[in-house]
Amino acid sequence: RQSEQQHLPSSGNREMLRAAVRSAARAAARPVARQQVRRMAVLSSQRSTAARWVGAATLAATGASVLALSAQADCFFWGAKKEDKYAGVRKELEDLINKEMCGPLMVRLAWHCSGTFDKATGSGGSNGACMRFDPEAADGANKGLDLARKWLEDIKKNHPEISYADLYTLAGAVAIETMGGPKIDWRDGRQDYTDGSKGCPGRLPDATQGATHIRNVFHRMGFTDREYVALIGAHVLGECHADRSGFVGPWTRDPYGVTNQYYVLLLEEPWKVKKGSNPTQFEDSTGDLMMLPSDIANITDPEFRKYVEMYAKDEQLWFKDFAAAFAKLINLGVPQQQ
């Protein structure tokens, strides 16, 4: 133990290595083909110093079985970690996400459960799990999320101690972490309502709109412009489906990896309106990727654009800001967390 302490990094690099060890341990427990092949093409040319730390730690994990014990990754250097009473839930969520490749859908579920909050009235938000009932379940913006809720039913049956509201938000947090993103400060304590009378349909963003609408929606919840732009980086994940939103296609070439590529592509590609699209969407130079009108507003609005440029240059800064903004989002409307 004393020998280990002598080889700890300097204080300036300590947190970076800590994150690297956690990421390496999680990677060692995931399916190798998805973890290695999926991310290689996207990230190989854009490795930051922090990313190289992660790569080095991942190689070390291959030859050191102790790093595969993800539950002990934090305590290996820095002492015992508090036991997570939802460790079993997290494990089943990770297994589900890896098996069904449904991480992006779980992030969307957590976001849409939380994104109805109104700070002026205190209504909406993740508390209550109102999406189980109409009118929120029938909101057009929530099409396709019935599949996510169905997938989570078995986990709820196995763990009746967790509320639906906690489960839906935890699923989003675990999905982000499982797909290589930052640790999300998720907290429990949400209650389940018995009906949909407190549901708040119609409050989610309209992707056909521009900066004014975006600000109205996110300022209503209590987010700044910077927090909004950090949050919208989640569009790096998944893709749009015609039978759900009317839009079609992925935003990036790695829809199952949490990276800053959304911002990079927004700035680097010459986005043009896709001919014949209805509703209107934009396409990149290859025609393979798409952006929504609300995405394009992030580079045409000067205030939004400065944050897009900032996050395109610094992935670790985006990880930090995104983790804080997403934790804030899923905790909105939970009385004991306000």
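Residues numbered from 1 in each chain as written. Predicted model: local features only at pLDDT ≥ 70, side-chain atom pairs only at ≥ 80, totals over all residues. Heavy atoms only, no water.

K.L.:
How should the overall build of the protein be read in this particular structure?
P.N.:
Looking only at helices and strands, the protein has 15 helices and 5 strands in total. Per-residue burial over the protein gives 51% buried out of 338 residues. A separation of at least 24 residues holds for 73% of the contacts in the protein among residues at least 6 apart in sequence. For the protein, the computed accessible surface area is about 15800 Å², with 52% contributed by carbon and sulfur atoms. (Helix = DSSP H or I, 4+ residues; strand = E, 2+ residues; numbered from the N terminus. Buried < 20%, exposed > 50% of the residue type's maximum accessible area, 1.4 Å probe, protein only. Contact = heavy atoms within 4.5 Å. Areas by Shrake-Rupley, 256 points an atom, 1.4 Å probe, with all protein chains shown as cover.)

K.L.:
Could you clarify how one ought to interpret the packing of helix α14 (residues 302-313) against helix α15 (residues 315-331) in this entry?
P.N.:
Between two packed helices, the angle of one axis relative to the other and the distance separating the axes together describe the packing. Here α14 crosses α15 at 120°, and the two axes come no closer than 5 Å. Along its contact with α14, which presents Met 310, Tyr 311 and Lys 313, the element α15 presents Glu 315, Leu 317, Trp 318 and Asp 321. Of the residues assigned to the contact of α14 with α15, the class counts are 4 nonpolar, no polar and 3 charged. (Axes fitted to C-alpha atoms, helices over the stretch in contact; angles between N-to-C directions. Nonpolar A, V, L, I, M, F, W, Y, C, P; charged D, E, K, R; others polar.)

K.L.:
Help me understand unusual backbone geometry, please; the structure alone is not making it clear to me.
P.N.:
With omega at 10°, the peptide bond leading from Asp 134 into Pro 135 counts as cis. Inspection of the secondary structure assignment puts Pro 135 in the loop between α7 (103-114) and α8 (145-158). Here the residue pair Asn 278 and Pro 279 is connected by a cis peptide bond, since its omega of 5° sits within 30 degrees of zero. The phi torsion at Ala 129 lies on the positive side, around 50°, for a residue other than glycine. Given a relative accessible area of 2%, Ala 129 falls into the buried group.

K.L.:
Just to check I follow, could you spell out the sheet that holds strand β3 (residues 272-273) for this structure?
P.N.:
The strands that make up a sheet are held in pairs by hydrogen bonds between backbone atoms, and each pair lies either parallel or antiparallel. Sheet architecture is open: 3 strands sit in the order β3-β4-β5, paired in antiparallel fashion. Looking along the sheet, the strands with just one partner apiece sit at the ends: β3 and β5 (290-291). (Pairing = 2+ DSSP bridges.)

K.L.:
Before we go on, may I ask you to explain the confidence of the model for the protein in this structure?
P.N.:
Detailed reading of the predicted coordinates is not advisable wherever pLDDT is low. Scored by pLDDT, the protein has a mean of 83; 75% of the residues are at 70 or more. This stretch, residues 1-81, has a pLDDT under 50; its non-local contacts, to residues over four places away or in other chains, come to 83 contacts. (pLDDT = per-residue confidence, 0-100.)

K.L.:
What is the right way to look at the packing of helix α9 (residues 164-178) against α15 in this model?
P.N.:
Contact geometry of α9 with α15 gives a least axis separation of 10 Å together with a crossing angle of 170°. Judged on the interaxial angle alone, α15 and α9 are roughly antiparallel. Relative to α15, the crossing made by α9 is right-handed. Where α9 approaches α15, its residues Thr 169, Gly 172, Ala 173 and Ile 176 are matched on the opposing element by Phe 322, Phe 326 and Ile 330. (Parallel < 35°, antiparallel > 145°, perpendicular 65-115°, else oblique. Left-handed = near helix turned anticlockwise from the far one by under 90°.)

K.L.:
Can you help me understand the pattern of salt bridges in this one?
P.N.:
Side chains that differ in charge, positive against negative, can pair when their charged atoms come close. Per the counting criterion, the structure on display carries 14 salt bridges. We note a salt bridge from Glu 309 to Arg 305, for which the minimum N-O separation is 3.0 Å. On the criterion of helical spacing, the pair formed by Glu 309 and Arg 305 is a turn pair, its members being 4 residues apart in helix α14. Note on Arg 305: relative accessible area 32%, which makes it partly exposed. (Salt bridge = Lys/Arg side-chain N within 4 Å of Asp/Glu carboxyl O.)

K.L.:
Would you mind going over the side chain of Asn 142 with me for this structure?
P.N.:
When you line up the elements, Asn 142 lands in the loop between α7 and α8. Not counting residues up to four positions away in its chain, the partners in contact with Asn 142 are Arg 108, His 112, Met 131, Glu 136, Ala 137 and Leu 204.

K.L.:
I keep staring at the nonpolar core and nothing clicks. Help me out?
P.N.:
Leu 93, Met 106, Leu 109, Leu 152, Phe 218, Leu 231 and Phe 326 are the most contacted members of the largest nonpolar core, which has 82 residues in total. Element by element, the count of residues in this core is highest for α9, at 10 residues. With residues near it in sequence (within four places) discarded, Met 106 still touches Leu 96, Ile 97, Ala 148, Trp 151, Leu 152, Ala 171, Gly 172 and Ala 175. (Core = buried A, V, L, I, M, F, W, Y, C linked by side-chain atoms within 4.5 Å.)

K.L.:
How should the packing of aromatic side chains be read in this particular structure?
P.N.:
Any two aromatic rings considered together are summarised by their centre-to-centre distance and by the angle between their planes. Under the defined criterion, the tally for this structure stands at 12 aromatic pairs. Note on Tyr 262 and Tyr 263: the rings are 5.4 Å apart at their centroids and 75° apart in plane angle, and the pair reads as edge-to-face. The class of Tyr 262 is buried, set by a relative accessible area of 0%. Here the aromatic rings of Tyr 263 and Trp 318 are separated by 5.7 Å at their centres, their planes lie at 70°, and the arrangement is edge-to-face. Taken together, the positions of Tyr 263 in helix α12 (residues 261-268) and Trp 318 in helix α15 put the pair 55 residues apart, joining distant regions of the chain. Using a relative accessible area of 0% as the deciding quantity, one classes Tyr 263 as buried. (Phe/Tyr/Trp six-rings, centres within 6.5 Å; stacked < 30°, edge-to-face > 60°.)

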